[in-house]
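# Residue-level structure breakdown
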Amino acid sequence: MSRTKYWKACNDALRQEMARDPSVIVLGEDVAGAPGRADDGFVDAWGGPFGITRGLIQEFGAGRVRDTPISEAGFLGLAAGLAADGYRPWVDIMFTELMPVAWDQLTNRIARARYLSAGQLQMPITVKSFGECYSAVCHFPGLVCVAPSDAYTAKGLTTAAIRSDDPVVIFDSLKLLRSQAEVPDGDYVLEFGKARVLRDGTDMTLLGIGATTALCLQAAAELEQAGISAEVVDLLTLSPWDVPTVTESVRKTGRLVVTDFDHPSCGLATEICARVTTTAWDRLLAAPVTVTPPPVPAMGMDASAAMAAMYLPDSAGV
Amino acid sequence: MSRTKYWKACNDALRQEMARDPSVIVLGEDVAGAPGRADDGFVDAWGGPFGITRGLIQEFGAGRVRDTPISEAGFLGLAAGLAADGYRPWVDIMFTELMPVAWDQLTNRIARARYLSAGQLQMPITVKSFGECYSAVCHFPGLVCVAPSDAYTAKGLTTAAIRSDDPVVIFDSLKLLRSQAEVPDGDYVLEFGKARVLRDGTDMTLLGIGATTALCLQAAAELEQAGISAEVVDLLTLSPWDVPTVTESVRKTGRLVVTDFDHPSCGLATEICARVTTTAWDRLLAAPVTVTPPPVPAMGMDASAAMAAMYLPDSAGV
Amino acid sequence: MPVDTALVLDLFARMSLCREFETTLVAYASKDGQPIGHPYQGQEAVAAGVCAALAPGDRVLSTHRAHGHAVAIGCDLGRLALELYGSGEGTCRGRAGEMYVAQLDVGYFGGTQIVAGNLPMATGLALAAKLSGLDRIAVAFVGDGGVNQGVFHEALNLAAVWSLPVVFVVENNGYAQTTSTEYATAGCIVDRGAAYGISSIAVDGQSALEVHDVVREARQRAVRGDGPTLVEARTYRYEGHFYGDQHRRYRSQAELQSWLDRDPISLLRRVAVDAGIDEDALAAVTTQARDTCVAAFERARTGREATLADLLDGVFADPSIDRR
Amino acid sequence: MPVDTALVLDLFARMSLCREFETTLVAYASKDGQPIGHPYQGQEAVAAGVCAALAPGDRVLSTHRAHGHAVAIGCDLGRLALELYGSGEGTCRGRAGEMYVAQLDVGYFGGTQIVAGNLPMATGLALAAKLSGLDRIAVAFVGDGGVNQGVFHEALNLAAVWSLPVVFVVENNGYAQTTSTEYATAGCIVDRGAAYGISSIAVDGQSALEVHDVVREARQRAVRGDGPTLVEARTYRYEGHFYGDQHRRYRSQAELQSWLDRDPISLLRRVAVDAGIDEDALAAVTTQARDTCVAAFERARTGREATLADLLDGVFADPSIDRR
Ligand SMILES: Cc1ncc(C[n+]2csc(CCOP(=O)(O)OP(=O)(O)O)c2C)c(N)n1
Ligand SMILES: Cc1ncc(C[n+]2csc(CCOP(=O)(O)OP(=O)(O)O)c2C)c(N)n1
Ligand SMILES: [Mg+2]
Ligand SMILES: [Mg+2]
């Protein structure tokens, strides 16, 4: 166990898995940096966006840590070919707002390959991206979607994703990048499809998704002052998500608030509210509520700080 | 008023709008067919997928009815440029399962242009596609999404889309192609954001989306036999959808069933159920229910008939 | 150089099988109300020439116009026919249809409904071969219309910068649906490959031997580590984009006839006879092909329908999350 | 040919404004905790040369590395600075930031966070000009990394087959983030244009005059109806991909120095002096540029913050569905 930053936990997971399994290949723009310039004395200039892949090229070489041209559709499809032939590519798509350029490869090619080929085509791919645009990806069956909420879950879910025989999309939040948690030094996996209850409560359930989990915990602490006992559930796997655990919590508390940083319409928050309404109907004391940004097509990637502050629901909103 | 087929109603709307407004431009693969071969005696070989654009090139010429290379991202982005400079492009993306190749232009470029430019960039684009993959598009603010349910609404919504200063995505169902309805000969528009109540009832609300509206009507007739009075609401605008009308219906009936041909997770069906649960909470007699295909990445475009029959919810399911 | 008669017979057999498969498919499926898919008649020399040039272990990816490729590479025709009929006994349990059916044990990784959508995957199969140090290549087919998709460009650039063992075979049949290559495709297709420094060559797509020779050479270059090749095979589809398409509304009878006059099977028959192969031997090949195809579709008629399990199973490999 | 001194002064003024805007931005924004965006120093001759070659009404589209282009074309600097500060008084009410800010009344249609994402839109602006019969062109900038995106290819093909009045300006600054052009971009960029039959030419991106002349010629060709041009301007960014990027980890001091030695502003100053332009006149231009930029950022500091209305208004044009 060590106190570890989020980005480092991801980095550790990758390093351990690459050491453990030679079929793990890292792909993405600037995942090392200064590609092809080792002879000029340059290597690992960036270590990937925000250092997620730092040091890997030194340890595993340029054959397994591959900087790519800016061709997301191309290299995501390339990863599908690697996966179909026994490799386990881990692919960096820098930000979720860039994912649309590779949308066809992700939703038509990768999500469908196993199913349509009746299990012949294996797709053990991990796609990793910073950002909150997860709902539209969760819409497509065939992709496992996860959002770690701290360094501990980041390492466990990254490891699980790499070992999984299914395509897994990891949504990392930049807001968590420098957050710290106690993380086991060795390798471990978190099971997909399992939410965790982070705090017991009796009056309401606060459901967190990735970075909103911290907001939920904060809100629960504030609510306690006001004499309200809130249970906090951390979703972790966004698709297919853990209906039983969330249902059980809401059946106990009778109330559900889902906090979600993605666009509100056809989002994960309404997905969860709608399902839980059916599974916890006879115990619901109030209609489940969503806390999301307003329905505006603002930029997540580069919004000015002032805009962002208003744009994102804060814990007071909960 | 004439009894008109669905495809012909779309065709009429386009013809009338092209005659009325010279800034309307038609773009897409094979929207005429045999492009550039008029001198060889070939013109309008296809008239677009399923005849939607039949005859337009003869009337308006190859300058305004433009066959494109197979470059959906390219020509959808081209349409954004036309729109920004005063034209009103109507763009055919044959099937919704092809839309992902143009996803970035649609969700990042077109949906955001007006908002991010603070109203400087106009985006009067109509995108038209056959298929049921609408939910992921509805997720993105800035796009108006509509699904006609018959020939009458097809003409009215197509006309409204072309005249709108907003980008509108029309989801046409192939299942309706040869369906007929009474359609006014002249032009008319249906207002966006307005659902219609097709049948009054007191015991439950059946909500239809595009082609599922016919299933709802059929189910309502069957339910009547069983002594159940079902109200049928036809959504028409999928985003932003008509919360007041649906709410009013559900507040009256106390029960909601949403029928949706798209994938179930983060879909329009759960979106509607979740919102209406909050707006009709004190009148709900049962948890709102969704009727959708199972969460499998089957092909919509070319699934074999046998598979399709099982895949799609039928009216018995309602 | 003397003609390699074994090769000629191999090519002739593959082409005959493609032709007979399609004519049988049309006959059966139209009676049985099953989908026919995308016609391949006229283009058989491309599929046969390419597939005959490959070695076991090589990987082939197709397009929407897929059944010709599936047949030429040696897919099990009975299971293929069952698949096209949507039967749960099909190669892919009736889920895949023409455009996604795959049979990995013969190296057939399937097609796609997205034109050019499989080209990136081909670069990945090629990189896998390279990383594993295997003398194996990937081949991806694409049409003249597909070369205008963005991923065509991305895949070619990736193949070039990493010198991948992949061959891109552009079947230029002159049309993308109704749209002619001249109208939609600027410049010359081989120049597009050359712009990335990729060896690019145009061949007569009606000559199975020529296609074969070029692809065999490309294969050798690829396994030597000398990188990708783009082959533009100039060919023609006799039928419409689909059966029922009124293709005479966008192309002339004279144009069609000029291609019928260079039918790839007839051309190869002449080569075979000139090389001393017995006409009867060729006729026997055709007959055997026909019998095999008829048997396949007779079998398809008796296939069991897809069940609920055929529809729902195996979305995920992980049983703990499958069927959620 | 004698040097056109008015043109030289115009170019010098645009370049100075770009340079001063950025140094002022860096000074103010780092104090004020505001974002700096993408450095443009070293590349000014490209923006200035292109913009000086355009006529009123022409449309310009940018990339992520946008503020240099915005300044060179003549955007209102006060409102631009406010925009970068996220103020509701900014050009786009603080919504757009560097990458999406647009000012249509000067022909600036803005950048994009998606490399190469604006190239298709440029073809549409060009088609609009053509359909309207206007002597107007569209110009789209893209980087050497952006040329590996699929839409680059789709846009070039569209521009070529429809002979559109558009100029694609590839700013080849040698790197896409840390990744060198040689590593990521197969072949030669001008060959990519040529493959579609597009007039394609490489120019010294440090010479504003050379860039100007090539673009002016391209503009003439475009309005004559002779179609698109691709210009590859070879240039360099002095700073990292962003301020704070440790760019010496992927490029050598010698390489950087060789480009600093050919600073585009210094080069043009020499041309100007040789042409008899007074040094003091040039110094005055620089001073005025600096004063303008300082005033802009002083103004930005006093801008009102974005309000809730700045955040929520105008998603749709149609008031009946807006703010739903
Ligand atoms: C991205 C995409 N756009 C459109 C289509 C619809 N479509 C199916 S086949 C086809 C024509 C393809 O032409 P080509 O690539 O020349 O192949 P061919 O049909 O001639 O074999 C089109 C446009 C598609 N499948 N994928
Ligand atoms: C499609 C896409 N992928 C990745 C990124 C992240 N990104 C931002 S700038 C950049 C490098 C762009 O390089 P280049 O096109 O050469 O332009 P330059 O930055 O050198 O001006 C990358 C990869 C992006 N913005 N868009
Ligand atoms: Mg073709
Ligand atoms: Mg660059």
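Residues numbered from 1 in each chain as written. Chains lettered and ligands numbered in written order. Predicted model: local features only at pLDDT ≥ 70, side-chain atom pairs only at ≥ 80, totals over all residues. Heavy atoms only, no water.

## Some words on the relation of the copies chain B and chain A
Put simply, the rule reads: We place the copies in one frame by least squares, fitting the C-alpha atoms of every residue whose pLDDT is at least 70 in both. Any two residues whose heavy atoms approach within 4.5 Å are treated as being in contact.
Of the transformation superimposing chain B on chain A, the axial component is 0.0 Å and the angular component is 180°, with the fit at an RMSD of 0.0 Å. Seen this way, the second copy is the image of the first under a two-fold rotation axis. In this assembly the copies share their binding face: 98% of the residues contributing to the interface of chain B also contribute to that of chain A.

## Considerations on the coordination of the magnesium ion (ligand 3)
Residue and element names in this part refer to chain C. Put simply, the rule is: Any N, O or S atom lying within 2.8 Å of the metal counts as a donor, and for Na, K and Ca the limit rises to 3.2 Å; water is left out, so some sites can look incomplete. Think of it this way: any DSSP run of H or I at least four residues long counts as a helix, any run of E at least two long counts as a strand, and we number them from the N terminus. Burial classes: relative accessible area under 20% of the type maximum marks a residue as buried, over 50% as exposed, and values in between as partly exposed (1.4 Å probe, protein chains only).
Note on the magnesium ion (ligand 3): its protein donors are Asp144 (OD), Asn173 (OD1) and Tyr175 (O). The metal-donor distances range over 2.0 to 2.1 Å. In primary sequence terms, the donor set of the magnesium ion (ligand 3) follows D-x28-N-x1-Y. With Asp144 in the loop between strand 2 (138-143) and helix 7 (150-161) and Asn173 in the loop between strand 3 (166-172) and strand 4 (175-176), this pair connects stretches of sequence that are 29 residues apart. In this structure Asp144 comes out as buried when scored by relative accessible area, which is 2%.

## A few points about the interface of chain B and chain A
This is how it is decided: Accessible surface is computed with a 1.4 Å probe, and the buried area is the amount of it that two parts give up when combined, taken over both parts together. For this document, the term salt bridge refers to a Lys or Arg side-chain nitrogen within 4 Å of an Asp or Glu carboxyl oxygen. Between N or O atoms, a polar contact is any pair within 3.5 Å; within protein, one atom must be a potential hydrogen donor and the other a potential acceptor, and residues adjacent in sequence are included only when both atoms are from side chains. For this classification, Asp, Glu, Lys and Arg are treated as charged, while Ala, Val, Leu, Ile, Met, Phe, Trp, Tyr, Cys and Pro are nonpolar and the rest, including Gly, are polar.
Contacts between the two partners involve 45 residues from chain B and, on the opposite side, 44 residues from chain A. For chain B, the biggest contributors to the area lost against chain A are B:His139, B:Cys266 and B:Pro297; these three give 18% of the whole. In this structure, the connection of chain B to chain A is made through 2 salt bridges. We note a salt bridge from A:Glu97 to B:Arg112, for which the minimum N-O separation is 3.0 Å. Across the chain B-chain A interface, the total number found is 18 residue pairs in polar contact (both at pLDDT 80 or more). If you list the elements that add at least two residues to the side of chain B that touches chain A, you get helix 4 (103-116), helix 5 (135-138) and helix 9 (268-279) of chain B. Taken together, the residues that form the side of chain B that touches chain A break down as 26 nonpolar, 13 polar and 6 charged.

## What about the pattern of salt bridges?
All names here are of chain C. Taken as a whole and assessed by the stated rule, the structure comprises 80 salt bridges over all chains. Residue Arg299 is joined to Glu89 by a salt bridge in which the shortest nitrogen-to-oxygen separation is 2.5 Å. One end of the pair, Arg299, is in helix 13 (residues 279-301); the other, Glu89, is in the loop between helix 4 (77-84) and helix 5 (97-100), and 210 residues separate them in sequence. Arg299 sits in the partly exposed class, given a relative accessible area of 33%. A residue is classified by how much of its surface remains accessible, and Glu89, at 29% relative accessible area, is partly exposed.

## Brief notes about the coordination of the magnesium ion (ligand 4)
Residue and element names in this part refer to chain D. In the first shell of the magnesium ion (ligand 4), the protein supplies Asp144 (OD), Asn173 (OD1) and Tyr175 (O), at 2.1 Å from the metal. Linear spacing of the donor residues for the magnesium ion (ligand 4) on their chain is D-x28-N-x1-Y. Of this pair, Asp144 sits in the loop between strand 2 (138-143) and helix 7 (150-161) while Tyr175 sits in strand 4 (residues 175-176), and the two are 31 residues apart along the sequence. On the basis of relative accessible area, Tyr175 is assigned to the buried category, the value being 5%.

## Considering the interface of chain D and chain A
Think of interface size as the accessible area that goes away when the parts come together; that is how it is often given. Counting residues at the interface gives 40 residues for chain D and 30 residues for chain A. Where chain D packs against chain A, one counts 2 salt bridges. The salt bridge involving A:Arg37 is made with D:Glu182; its shortest N-O contact spans 3.0 Å. Linking chain D with chain A are 14 residue pairs in polar contact (both at pLDDT 80 or more), by the criterion used here. Mapped by element, the contributors of at least two residues to the side of chain D that touches chain A are helix 5 (97-100), strand 4, strand 5 (179-180), helix 8 (181-184) and helix 14 (308-312) of chain D.

## As for the environment of A:Asp165
Tracing the chain through its elements places A:Asp165 in the loop between helix 6 (151-163) and strand 7 (168-172). Along the backbone, A:Asp165 and A:Thr126 are 39 residues apart, and their C-alpha atoms lie at a distance of 9.6 Å. Residues within four places of A:Asp165 in sequence aside, it is in contact with A:Arg88, A:Arg114, A:Gln122, A:Met123, A:Pro124 and C:Ala317. In this structure the side chain of A:Asp165 is engaged in a polar contact, spanning 2.5 Å, whose partner is the side chain of A:Arg88.

## Here we look at the sheet that holds strand 3 (residues 65-67) of chain A
Residues and elements named next belong to chain A. Keep this limit in mind: Only strands that DSSP links by at least two bridges are regarded as paired with each other. To get an axis, fit a line to the C-alpha atoms, keeping to the stretch in contact for a helix; angles then go from 0 to 180 degrees between the N-to-C directions.
With mixed pairing, the 7 strands of this open sheet are ordered in space as 3-2-4-5-7-6-12. Two strands bound the open sheet, and with one partner strand each, they are strand 3 and strand 12 (237-239). On average, each strand axis in the sheet is inclined to that of its neighbour by 20°, with strand direction left out of account. Here strand 2 (residues 24-28) runs beside strand 4 (residues 88-95); their pairing, made up of 5 bridges, is parallel. The partner of Gly28 across the bridge, within strand 4, is Asp92.

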